[in-house]
Amino acid sequence: MSEGQGVSAFPMPPMQYVMNYSDENIKRGKAPPPPPPIQDSYTMFGAHFTADEAIIRPLEASGCRRLYPHNYDHKRELKKLNHSILVNFLDLLDVLIRAPESPKRAEKLDDINLLFINMHHLINEFRPHQARETLRVMLELQRTKRTEIAQKFQEHFDKVLDLIQTAFKAIPNDVTLDSSLLSESEMLGQSADVKMEFMESDACDSLDKMMCQIVDDMT
């Protein structure tokens, strides 16, 4: 791939660039830099493109004749093209049986080729929609996983809170407790209403340290 001015878009041949861009070179910082963005025009697979053109180029840009109107329904036109391809294929078989050397054979082949080009173009027009749907599904999966992790963490938090409260209730009344432990137990009893604030807070207070220590001991 090269720019319209003839300057290479890659700092090295593409295959050599791919071979040098390995995990080991990335860790060592020896991976080649990415190619600079193309600002003007470039050539890809023998076709000339500009950086600001539409993602899906119209059929007229490639010199092909359009067989469907500009305002159309994709589903309906794809069905019509599929039916036309089948009919033309049957006509081609008839020509090959009756007159194989007839010039109609080449005409039918050209007609079938044009039908397939139009069908392929209609299918390609769905590619941006497919890319958006793929991205949407990926985001949905990420959100589902994060929700499950948050729920599991909440369940463990509730279990730990119940264990601590049960442990404090099991202590005999005649045992003298440190005032700091009593204050911490009172804070734990009230943490059910403000536990999300503890998760969002960056400060590490004594309650957080004690909860982390309990979780470490359980694991």
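Note that the structure is predicted; figures quoted are calculated from it, not measured.

What counts, and where the lines are drawn
- Starting from 1, residues in each chain are numbered consecutively following that chain's sequence as written.
- Owing to the predicted nature of the model, reporting of local features is limited to residues with pLDDT of at least 70; listing and counting of side-chain atom pairs is limited to 80 or more, with chain, interface and lining totals taken over all residues.
- To get the side-chain values, all heavy atoms of the structure are used, and hydrogens and water are removed first.
- A fitted line through C-alpha atoms serves as each axis, taken over the contacting stretch for helices, and the angle formed by two N-to-C directions is quoted from 0 to 180°.
- Numbered from the N terminus, helices here are DSSP runs of H or I no shorter than four residues, and strands are runs of E no shorter than two.
- Should an angle lie under 35 degrees it is considered roughly parallel, over 145 roughly antiparallel, and from 65 to 115 roughly perpendicular; all remaining angles are considered oblique.
- Each crossing gets its handedness from the near helix: less than a right angle anticlockwise from the far helix is left-handed, clockwise is right-handed.
- Ten residues, namely Ala, Val, Leu, Ile, Met, Phe, Trp, Tyr, Cys and Pro, are considered nonpolar, four, namely Asp, Glu, Lys and Arg, are considered charged, and the remaining ones, Gly among them, are considered polar.
- In plain words, nonpolar cores are sets of buried Ala, Val, Leu, Ile, Met, Phe, Trp, Tyr and Cys residues tied together by side-chain atoms within 4.5 Å.
- Relative accessibility thresholds used throughout: buried, under 20% of the residue-type maximum; exposed, over 50%; partly exposed, between the two (1.4 Å probe, protein chains only).
- Note on contacts: a residue pair is in contact if any heavy atoms of the two residues lie within 4.5 Å.
- Known as pLDDT, the predictor's per-residue confidence is scaled from 0 to 100.
- To estimate how far a helix should extend, the number of its residues minus one is multiplied by 1.5 Å.
- Between 30 and 60 degrees the pair is tilted, below 30 it is stacked and above 60 it is edge-to-face, where a pair is any two Phe, Tyr or Trp rings, Trp via its six-membered ring, whose centres lie within 6.5 Å.

Before we move on, could you go through the packing of helix H3 (residues 74-98) against helix H4 (residues 104-124) and cite the residues and values that matter?
Viewed as axis vectors pointing N to C, H3 and H4 meet at an angle of 160 degrees, and their least axial separation amounts to 9 Å. Accordingly, the angle class assigned to the pair H3 and H4 is roughly antiparallel. Taken as a pair, H3 and H4 cross one another with a handedness that is left-handed. A per-class count over the contact of H3 with H4 returns 14 nonpolar, five polar and six charged.

Just give me the short version of the nonpolar core, but keep the residues and values in it.
Counting residues in each nonpolar core, the largest one holds seven residues, listed as Leu 59, Tyr 68, Leu 81, Ile 85, Leu 115, Met 119 and Leu 122. Among the elements of the structure, H3 and H4 are those that each provide at least two residues to this core. Looking at this core, the element that brings in the most residues is H4, giving three residues. Excluding anything up to four places from it in sequence, Leu 81 contacts Leu 67, Leu 115, Asn 118, Met 119 and Leu 122.

Give me the confidence of the model for the chain: which residues, what numbers.
Residues at a pLDDT of 70 or more form 72% of the chain, whose mean pLDDT is 77. Across residues 198-204, where pLDDT falls below 50, the model places seven contacts with residues more than four positions away in sequence or in other chains.

Break down H3 for me, with residues and values.
Taking 1.5 Å of rise per residue, 25 residues should cover 36 Å, and H3 covers 36 Å from first to last C-alpha, within 8% of that figure. For H3, every residue scored as buried is listed here: Glu 77, Leu 81, Ile 85, Asn 88, Leu 92 and Val 95. The inward-facing, buried residues of H3 abut H4.

Describe the packing of aromatic side chains, naming the residues involved and giving the relevant values.
Per the counting criterion, the structure on display carries one aromatic pair. Ring geometry for Tyr 68 against Tyr 72: centres 4.8 Å apart, planes inclined by 65 degrees, an arrangement best described as edge-to-face.

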